[in-house]
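Descriptive structure summary
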Amino acid sequence: MNVLLVHPGPLMYTKIYLRLEPLGLEVVASAARARGHRVTLLDLQVESPRDYVRLLKEERPDVVGFSCNYLANVPEIVDLAKLTKQLLPTTRVFVGGHSASFVAGAILEHGEGAIDCVLKGEGEPVIGPLLEAIADTPDDFSLVPGAVTRAGEGPAVRMLEHLDDHYPARDLLRHRRKYFIGVLDPCASIEFTRGCPWDCSFCSAWTFYGRSYRVRSPEGIVEDLSRVQEPGVFIVDDVAFIQAKQGMAIGEAVARRGIRKQYYLETRGDVLLRNKDVFRFWKTLGLAYMFIGIEAIDEEGLALHRKRITLSKNFEALEFARSLGITVAINLIADPSWDRRRFEIVRQWCLEIPEIVNVSVNTPYPGTETWHTEARRVTTRDYRLYDIQHAVLPTILPLPEFYEELVKTQQVLNTKHLGWTALKSTARIAAGHLLRGQTNFVKMLWKFNSVYNPKLQLADHARSVTYPMPLPPDRVPDIAPQLLYIHRGQGRAGRVLDEATEQFVETTRMRNTG
Ligand code: B12
Ligand code: SF4
C-alpha cells in the first residue's frame, strides 16, 4: 500500500530551544516498510500545510497516518484529517501515538467520520496488521489489536517484543539539518530504553507503557548509532541510565566501535547520584548536555508531584552534574497556586545558579493521575492550551498577572543563556555552525521575546474552541493503575532491571507516600 505518515506542527517549546526528528513515526514507518509497504513521511514541524496538500495530490496515498504524541496537536490533526477526506474520500485515515491513545474516543468523535481509526499503544507491532486489514476489508479493522473505531474497540494493544527489531527510517526525512537542540546543531535522536519504572502523578510515560522498562541491546544501539550522520545525538529515554550495567555496556560498545558524537540526555537526580561512574564514562564519550527534572525547590512541591526524591538529593545531584563539566538544564513546575512572592523566590534562585532553568506550568494530562484528581477544576477544554506553557487550572493570581510573572521568570533563562550573552560564550561554536550552513542554534538566540509573551499567552485563551476536550466520567478517589494503563502493567516481569536496581526503584517510589 501507499502510506503517508505525518507529524503535526510545532508547539511553543519547539519554536525556540530545540526541534527533533519524529522518532516514533520513523520506527512505525520502518515496521510498515518491513511488511512491503511504500512509505512517505512528512514532518510539519519543518514543512507547511501547503506541502501536505501538495503531497496528497502527488502521492494519492491509500492510507494517511498521523502521529499524536502531544495533546495540544489534537485540533490540528482533526482538521487535517477532514481536509484529507475532502480531497481523497477513499483514503483511509488513522491516528496513533501517546496522547491519541488516551483520548481515542474523543478524537474519533471530533473527526465526525474523517478519522477511520485510532491505533492505541506502540505502533510497530500493529501497523502491519492494520494496513493488511485495510487492504482486505477496507471498512472493518475490528480485529486489529489496539484499534478503536466508531464501532468499538478491537483486541487489547500489543507490545513490541524486541526493541532491536526496527531501526528508525531516518532516510525518509527530507530536512534533517533542521533538527537541533541548543549547540547540538544538527542533532539526531535515538532510543536506548523504553518506559519508566517510576510513577509520578503528573506524568503519563509510565501509564502508557504499563510501568514496564525495556532495553535495547548494546549491539543494536551501536548499529543504529553508526547509521546516524549528525554529530549531535538526543537520547530520548525518559530516564537515562537507570541501570548502571546497561549504561556501561552501551558505552563500551560505542567506544569499541570508535563512534564519536555529542550527546544530550535526560535523567533523575537520584539515578545520577547512584550511577556516577556511568555518567563520568559517558562524559568521556561525548556527553555534552544533561537535563534533570528537579520540578520543585521545596519539599512540599516535590511531594505534590510525587517525585520520590528529597530536595537535598536533588541539590547534591546538581553539584555532581556541574562537576562533570557539561551543560546542565533543569525543569521547574510552576503551580497555579503561586503568588508574586513565590515567583520572586524562584526567580532569585534561578538567577543564583549557573544552570539553564526551564519553567513549565503544572498541567493535568489525560493518562495521568492528576487528570483524574484535577480535571474537574480545569478552566478550559481547549486542547491547544495543554502544552505546559499555559495555565489550565485556576490561578491564585489573576490570569494576566500569572502570565506576567511566569514569563518574567522564564526571562531569566533568556538573559542568562540566550542573546548576546550566549553568543559571547559560544562564539567559536556558532561561527563553526554558520560556516557549515547550520543556522538553527544562532537563530534560536533571539527568538525568546517573539514566542514568550504574556499578552499572546493570554490571548490564546480567547480563541474559540471547535473541539472541546472531554472530562473523565466520574471522580475516582483511588485510581487503580489498571484504569490508567494503555499497555497492561505486568509488575516486575515487565521490567528488565537487576534486583538491586528494582529495589532502588521501589525504595525511591515508596518515599514520600503518606
Ligand atoms: C523525546 C520527547 C520529546 C521531544 C520531541 C520529539 C518529537 N519531535 O516528537 C522534545 C524534547 C522536543 C519534546 C518536547 C515536548 N514534550 Co515530549 N516527550 C518526549 C519523550 C521523552 C519521548 C518520545 C519519543 O521519542 N519516544 C520514542 C518513540 C519511539 O516513541 P513514540 O514517539 O512515543 O512513538 C511510539 C508510539 O507513541 C506510537 N506512535 C507514535 N506516533 C504514531 C503514529 C502512528 C500512525 C502510529 C500507529 C503509532 C504511533 O508508536 C511509536 C513506536 O512504538 C516522551 C515521553 C515518552 N516516554 O513517550 C515525552 C512526551 C511525549 N512529551 C511531553 C510533553 C508535555 C512535551 C512538551 C509539550 C513539553 C516538554 N517540555 O516536554 C514539548 C512539546 C513538543 C512539541 N511537539 O512541540 C509529554 C506528552 C504529554 C501530552 N499528553 O501531550 C510526554 C509523554 C512526556 C511526559 N512524561 O509527560 N518531547
Ligand atoms: S521519573 Fe520521569 S518519566 Fe518516570 S514517571 Fe516520573 S516524571 Fe515520568
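Procedures and definitions
- Residues numbered from 1 in each chain as written.
- Chains lettered and ligands numbered in written order.
- Predicted model: local features only at pLDDT ≥ 70, side-chain atom pairs only at ≥ 80, totals over all residues.
- Heavy atoms only, no water.
- Helix = DSSP H or I, 4+ residues; strand = E, 2+ residues; numbered from the N terminus.
- Rg over C-alpha atoms; globule rule 2.2 N^0.38 Å.
- Buried < 20%, exposed > 50% of the residue type's maximum accessible area, 1.4 Å probe, protein only.
- Contact = heavy atoms within 4.5 Å.
- Areas by Shrake-Rupley, 256 points an atom, 1.4 Å probe, with all protein chains shown as cover.
- Lys, Arg positive; Asp, Glu negative; His and termini not counted.
- Charge placed at Lys NZ, Arg CZ, Asp CG, Glu CD.
- Near = heavy atom within 4 Å.
- Nonpolar A, V, L, I, M, F, W, Y, C, P; charged D, E, K, R; others polar.
- Polar contact = N/O pair within 3.5 Å; in protein donor to acceptor, adjacent residues only side chain to side chain.
- Pairing = 2+ DSSP bridges.
- Axes fitted to C-alpha atoms, helices over the stretch in contact; angles between N-to-C directions.
- Core = buried A, V, L, I, M, F, W, Y, C linked by side-chain atoms within 4.5 Å.
- Salt bridge = Lys/Arg side-chain N within 4 Å of Asp/Glu carboxyl O.
- Phe/Tyr/Trp six-rings, centres within 6.5 Å; stacked < 30°, edge-to-face > 60°.
- Expected span 1.5 Å × (residues − 1).
- Arc of directions from axis to C-beta.

Here we take up the overall build of the protein chain. The helix and strand inventory of the protein chain stands at 23 helices and 17 strands. Taken against the 2.2 N^0.38 rule, which gives 24 Å for 514 residues, the C-alpha radius of gyration of the protein chain at 22 Å falls within 12% of a compact globule. Taken over the C-alpha atoms alone, the protein chain extends approximately 60 × 55 × 50 Å along its principal axes. Looking at the 514 residues of the protein chain, the share that counts as buried comes to 61%. The long-range fraction of contacts in the protein chain, counting pairs at least 24 apart against all pairs at least 6 apart in sequence, stands at 78%. Total accessible area computed for the protein chain in this model is approximately 20900 Å², and 53% of it derives from carbon and sulfur atoms. Here the protein chain carries 63 positive and 62 negative side-chain charges, and the mean point of each set is 4 Å from the other.

Here the focus is the site of ligand 2. Inspection of the region around ligand 2 gives 11 residues, with Cys196, Cys200, Cys203, Trp206 and Arg268 positioned closest. Grouping the constituent residues of the shell around ligand 2 by class yields 8 nonpolar, no polar and 3 charged.

Looking now at the site of ligand 1. Among the 40 residues in the neighbourhood of ligand 1, the closest are listed as Thr14, Ser67, Tyr70, Ser99 and Glu124. Within the backbone of Leu71, a nitrogen or oxygen atom sits 2.9 Å from an oxygen atom of ligand 1. Within the side chain of Arg194, an N or O atom sits 3.2 Å from an oxygen atom of ligand 1. Among the elements that make up the shell around ligand 1, the one with the highest residue count is helix H1 (residues 23–34) (4 residues). Here the shell around ligand 1 is composed, by residue class, of 20 nonpolar, 13 polar and 7 charged.

The strand order across the open sheet built from 6 strands is S10-S13-S14-S15-S16-S17, with neighbouring strands paired in parallel fashion. Every other strand in the sheet has two partners, leaving strand S10 (187–190) and strand S17 (356–361) as the edge strands with one partner each. Strand after strand, the sheet turns through a mean of 20 degrees between neighbouring axes, direction not considered. Alignment of strand S14 (residues 262–267) against strand S15 (residues 287–295), held across 5 bridges, turns out to be parallel. Paired with Leu265 across the strands is Met290, a residue of S15. Of the strands in this sheet, S14 and S15 are in contact with helix H11 (residues 276–285), which crosses S15 at around 140 degrees.

This part is about the sheet that holds strand S4 (residues 63–67). With mixed pairing, 7 strands are arranged side by side in an open sheet as S3-S1-S4-S5-S6-S7-S8. Only two strands of the sheet have a single neighbouring strand rather than two, namely strand S3 (38–43) and strand S8 (152–153). Pairing of strand S7 (residues 147–149) with S8, which is carried by 2 bridges, proceeds in the antiparallel orientation. Residue pairing in the sheet places Thr149 in a bridge with Gly152 of S8. Contacts from helix H3 (residues 74–87) reach S4 and strand S5 (92–96), with the element oriented near 170 degrees to S4. Across the sheet, helix H5 (residues 104–111) is in contact with S5, strand S6 (117–119) and S7; its angle to S6 comes to roughly 155 degrees.

In this section: the nonpolar core. Tyr263, Phe279, Trp282, Met290, Ile292 and Ile330 are the most contacted members of the largest nonpolar core, which totals 62 residues. In this structure, Phe279 is in contact with Ala240, Phe241, Leu265, Thr267, Val271, Leu272, Leu287, Met290, Phe320 and Leu324, ignoring residues within four places of it in sequence. Residues Val103, Ala104, Ala375 and Leu393 belong to the second largest nonpolar core, which totals 40 residues.

Before going further, it helps to spend a moment on the pattern of salt bridges. Inspection of every chain in the model, using the stated rule, returns 42 salt bridges. Ionic pairing is found between Arg54 and Glu58, a salt bridge with its closest N-O pair at 3.4 Å. Highlighted residues: Arg54 and Glu58, both in helix H2 (residues 49–59), separated by 4 residues, approximately one helical turn. Residue Glu355 is joined to Arg322 by a salt bridge in which the shortest nitrogen-to-oxygen separation is 2.6 Å. Here Arg322 lies in helix H13 (residues 311–323) and Glu355 lies in the loop between helix H14 (340–352) and S17, a separation of 33 residues in the sequence. Take Glu355: its relative accessible area is 3%, and that puts it in the buried class.

Below, the discussion takes up the packing of aromatic side chains. For the coordinates displayed, the defined rule picks out 16 aromatic pairs. Taking the centre distance of 6.0 Å and the plane angle of 55 degrees together, the rings of Tyr52 and Phe66 count as tilted. Here the residue Tyr52 occupies a position in helix H2, and Phe66 occupies one in strand S4, the gap between them amounting to 14 residues. Each member of the pair, Tyr52 together with Phe66, is buried. Here the aromatic rings of Phe241 and Trp282 are separated by 5.1 Å at their centres, their planes lie at 35 degrees, and the arrangement is tilted. One end of the pair, Phe241, is in the loop between strand S13 (232–235) and helix H9 (244–257); the other, Trp282, is in helix H11, and 41 residues separate them in sequence. The exposure class of Phe241 is buried, given its relative accessible area of 2%.

Further remarks concern H14. For H14, which comprises 13 residues, the first-to-last C-alpha distance of 18 Å matches the rise-based estimate of 18 Å (1.5 Å per residue) to within 8%. Among all positions of H14, only Phe343, Val346, Arg347, Trp349 and Cys350 are buried. Buried residues of H14 fall within an arc of 165 degrees about the axis and therefore sit on the same side. Those residues of H14 that are exposed and angled more than 90 degrees off the buried face are Arg341 and Glu352.

Now for the pairing of S4. In terms of burial, S4 is a largely internal element, 5 of the 5 residues being buried. Residues of S4 alternate between two faces, with Val63, Gly65 and Ser67 on one and Val64 and Phe66 on the opposite face, all of them buried. Pairing analysis gives 4 bridges linking strand S1 (residues 2–7) to S4, with the strands arranged parallel. For Val3, the partnering residue across the bridge sits in S4 and is Val63. Relative to S5, S4 runs parallel, the two being bridged by 5 bridges.

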